[in-house]
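A closer look at the structure
Below are the chains, spelled out letter by letter.
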Amino acid sequence: MKIGFVGAGVGTLHAALLLTKRYPEIEITIFEKETRAGGRLASVDFESGGRIDQGPTIVLMPGKLQEQLKEAGLEGVELKRIDPLYDLHFDDGTVVTKQADVVDQAIAIERQFGEGRGFQEFMNQKSKDYDVSVSKFLERSYFRKRELLHPSMLAPLVKMHAMETAHDHLKRFFKSKYLRMAYSFPTFYIGGNPYTTPSIYGLIPYREQEEGVWYVKGGYFSLAERMYEALIERGVQFKFNQSVERVMIREGQAKGLIVEGQEYHYDSVVLNGEFPLMEYLVEGKLPKKYVPSGGTLLLYFKIHGKVDLPVHRFLMPSDLKPLMTSIFQKDELPEHPAVYLFNPSKVDDSLTEADDSVVYALVPSPRGYDQEKYEAHGFIDQVLAKIEQHLPGFQSQIAEMKIRTPQDAQDFGLYEGGSFGIAPTIRQSAALKTQAKPYADIERLYAVGASVHPCGGVPIVMMGATLLVNRMEQEMRWKNGYSDERIRSM
Ligand SMILES: Cc1cc2nc3c(=O)[nH]c(=O)nc-3n(C[C@H](O)[C@H](O)[C@H](O)COP(=O)(O)OP(=O)(O)OC[C@H]3O[C@@H](n4cnc5c(N)ncnc54)[C@H](O)[C@@H]3O)c2cc1C
């Protein structure tokens, strides 16, 4: 059995690890247009020395991440718990800190806002909703869109008030506008606007509070390096600098790939790039229109000395709604931006020389902006001034700064420059999203990644890789006892 993969993102890496663990005889070739594996899981390397994560920084669902790595035979990835999880500094001076311990957090919320009870109710209710969501929505594939209409699927959605927006749903638990913002803004972790994203994605802040925020020792990018090394040891072939041009379809079946004019024949093909961009490659298919996720301006800093920051800090406007309206509806730069600051040097001295630090700033932004366009609006200076106001002296400590814009993301192959795949909307969720088998009329063609069910985010893309491998096993009859009926009744 020979399988060809298009793209070496974490979806591919995890699927290939699972496949080679379960079926060592399988021959896998991975085509990647860049010079390295990992996709968005990458590092920024400074000329003056030092590295920092380019994309993912926050490890959510650590239990799931470790469980999945173990299943794929990759041991020894060390995770560190971050406590407190992070703090939010609103422009009006209000500070909300999220403690790692749930009881400590309830006490802190009671002291600051008198809403400890609301917090407990939120945690209790979301714990039940989460269990249902994992089994009904996250850990299952769909065969047909109408499966979502089955009473066993609709009833829990109604019970969870899944159609309310993530922000408005929190009015059921919290009176404070700060708590509503603090427990709904994480929908932006997957590029969603908390004021329009359905509350089912509001389970992210619950899970984050329940299991904590963790850090991969050596940086999140080192996970991709570990996965790559393990695959090389298992005999998987990587072909870098090779952009796939076409997926060959013959008589309703994927037969191979055309790469730089050359034909490669495979028994199965897996697509790991962004949808709908992958659809351009599939013979006979036309790309569909999707809603892209939010964009981000990223500033990476090599810093002389240390900075007075925790690992994660969010500088927030006093009202998040105008910011979200600017970037998602008006396509305009926000008057009062939010800035997420990541300071891994606080817990990891392997990233740079002992006396220095590396810091990254992520700023939610409309898509379609390049550096010139930001500079024309003075936006980068505005962001730097905001950081300076918060951390006096910061600018004088900068040894080197690198910039990544939504236009860079688009050039890399992220759909319309959104950082996180397609947006988490109802019409782009669960059975309505591209599945591990993207086309009912094409056999042996599969898909995995942030724009494929279940969702973006490293551990969840890895869950998608598990769904993909299960589906391949079922369809190719590698494994007894895995049937359509079983999946459908799950
Ligand atoms: C700024 C930022 C912050 C993030 N923060 C977090 C976070 O804190 N926590 C978290 O869990 N997640 C986070 N994410 C999301 C996470 O990075 C993604 O969900 C995940 O890495 C996507 O993996 P993927 O499998 O979809 O592959 P991708 O990373 O999309 O990789 C796909 C690969 O396919 C290659 N490719 C595309 N087309 C072709 C072609 N034609 N031929 C050959 N190769 C091709 C690309 O070069 C790329 O390497 C963040 C993302 C960004 C951008």
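Counting restarts for each chain: residues are numbered from 1 in the order of the written sequence. With the structure being a predicted model, the display of local features is reserved for residues of pLDDT at least 70 and the display and counting of side-chain atom pairs for 80 or more, all residues being used for whole-chain, interface and lining totals.

Remarks on the overall build of the chain
Runs of E in the DSSP output that reach at least two residues are strands. Runs of H or I that reach at least four are helices, and both are numbered from the N terminus. A count of helices and strands for the chain gives 16 helices and 19 strands. Seen along its three principal axes, the alpha-carbon backbone of the chain occupies a region of about 65 × 55 × 45 Å. Three exposure classes are used. Buried residues have 20 or more other C-beta atoms within 10 Å of their own C-beta, exposed residues have 12 or fewer, and partly exposed residues fall in between, all C-beta atoms being placed from the backbone. Taking all 490 residues of the chain together, the buried fraction comes to 48%. Two residues qualify as being in contact provided that their C-beta atoms, derived from the backbone, are within 7 Å of each other. For the chain, long-range pairs separated by at least 24 residues make up 73% of all intrachain contacts whose partners lie at least 6 apart in sequence.

Some remarks on the site of the ligand
Not every one of the 35 residues close to the ligand is listed here, only the nearest: Gly 7, Gly 9, Gly 11, Gly 39 and Gly 449. Going through the elements one at a time, helix H1 (10–22), strand E14 (295–303) and helix H15 (458–475) are the ones with two or more residues in the shell around the ligand. Broken down by class, the residue content of the shell around the ligand amounts to 15 nonpolar, 15 polar and five charged. Whether a residue is near a molecule or strand depends on its C-beta atom, generated from backbone atoms, being within 6 Å of that molecule or strand. Under the scheme applied here, ten amino acids are nonpolar (Ala, Val, Leu, Ile, Met, Phe, Trp, Tyr, Cys and Pro), four are charged (Asp, Glu, Lys and Arg), and all others, including Gly, are polar.

Re the environment of Thr 434
In this structure, Thr 434 sits in the loop between helix H14 (406–412) and strand E19 (445–447). The buried category is assigned to Thr 434, around which 22 C-beta atoms lie within 10 Å. Linking Thr 434 and Gly 449, residues 15 residues apart in sequence, is a C-alpha distance of 10.0 Å. Apart from the residues lying within four places of it in its own chain, the contact partners of Thr 434 are Phe 275, Ala 447, Ser 451, Val 452 and His 453.

What about the sheet that holds strand E9 (residues 237–239)?
Two strands pair under a simple rule: DSSP has to find at least two bridges between them. Read from one edge of the open sheet, five strands run E9-E2-E1-E13-E19, paired in parallel fashion. Each edge of the open sheet is held by one strand with a lone partner, namely E9 and E19. Between one strand axis and the next, the sheet turns by 20° as a mean value, whatever way the strands run. Pairing analysis gives three bridges linking strand E2 (residues 27–31) to E9, with the strands arranged parallel. Of the residues in E9, the one forming a bridge with Phe 31 is Lys 239. Lines fitted to C-alpha atoms define the axes, with helix axes restricted to the stretch in contact, and inter-axis angles between N-to-C directions lie between 0 and 180 degrees. Together, strand E1 (2–6), E2 and strand E13 (268–271) form the strand contacts of H1, whose direction differs from that of E2 by roughly 170°.

Points about the sheet that holds strand E11 (residues 253–259)
Pairing is antiparallel across the open sheet formed by three strands, whose spatial order is E10-E11-E12. Each having just a single partner strand, strand E10 (244–250) and strand E12 (262–265) make up the two edges of the open sheet. Mean inter-strand twist for the sheet, computed between neighbouring axes without regard to direction, equals 30°. As paired strands, E11 and E12 are joined by four bridges and run antiparallel to one another. What sits directly across from Ile 258, in E12, is Glu 263.

Things to note about the nonpolar core
With 134 residues, the main nonpolar core has Ala 16, Val 270, Ala 361 and Leu 468 as its most contacted residues. Ranked by the residues each element gives to this core, the list is headed by H15, at ten residues. Discounting chain neighbours no more than four positions away, the residues touching Val 270 are Ile 3, Phe 5, Val 6, Thr 12, Ala 15, Tyr 446, Ala 447, Val 448 and Leu 468. Each nonpolar core comprises buried Ala, Val, Leu, Ile, Met, Phe, Trp, Tyr and Cys residues, the members being joined through C-beta atoms within 7 Å.

Side note on helix H9 (residues 221–233)
Two residues of an α-helix separated by three or four positions point the same way, owing to the 3.6 residues in each turn. Helix span, expected: 1.5 Å multiplied by one less than the number of residues in the helix. Over its 13 residues, H9 runs 19 Å from end to end, which matches the ideal 18 Å to within 8%, given 1.5 Å per residue. Buried residues along H9 sit against H1, strand E3 (43–45), strand E4 (51–53) and strand E8 (213–216).

Some thoughts on the UniProt feature "domain: Amine oxidase" (unreviewed entry) in the chain
In this structure's numbering, the residues bearing the UniProt feature "domain: Amine oxidase" (unreviewed entry) are residues 13–286. Strand forms 19% of residues 13–286 and helix 35%; the C-alpha atoms that close the span are 27 Å apart. UniProt positions are given in the numbering used here, feature names are shortened, and annotations may be inferred rather than shown by experiment.

Remarks on the confidence of the model for the chain
Predicted confidence across the chain gives a mean pLDDT of 94, with 98% of residues reaching 70 or more. Segment residues 481–490: pLDDT under 50, and eleven contacts once partners within four positions in sequence are set aside and those in other chains are kept. Per-residue confidence from the prediction method is given by pLDDT, with values spanning 0 to 100.

Quick word on helix H8 (residues 203–211)
For H8, every residue scored as buried is listed here: Leu 203, Ile 204, Pro 205, Arg 207 and Gln 209. Buried residues along H8 sit in contact with strand E7 (95–98), helix H3 (102–113) and helix H4 (116–138). Two residues or fewer after H8 comes Gly 212, characterised by a positive phi angle close to 90°.

Notes on the environment of Glu 208
Secondary-structure assignment places Glu 208 in helix H8. Using a count of 19 C-beta atoms within 10 Å as the deciding quantity, one classes Glu 208 as partly exposed. Put simply, Glu 208 and Gly 118 are 90 residues apart on the chain and 17 Å apart in space, counted from C-alpha to C-alpha.

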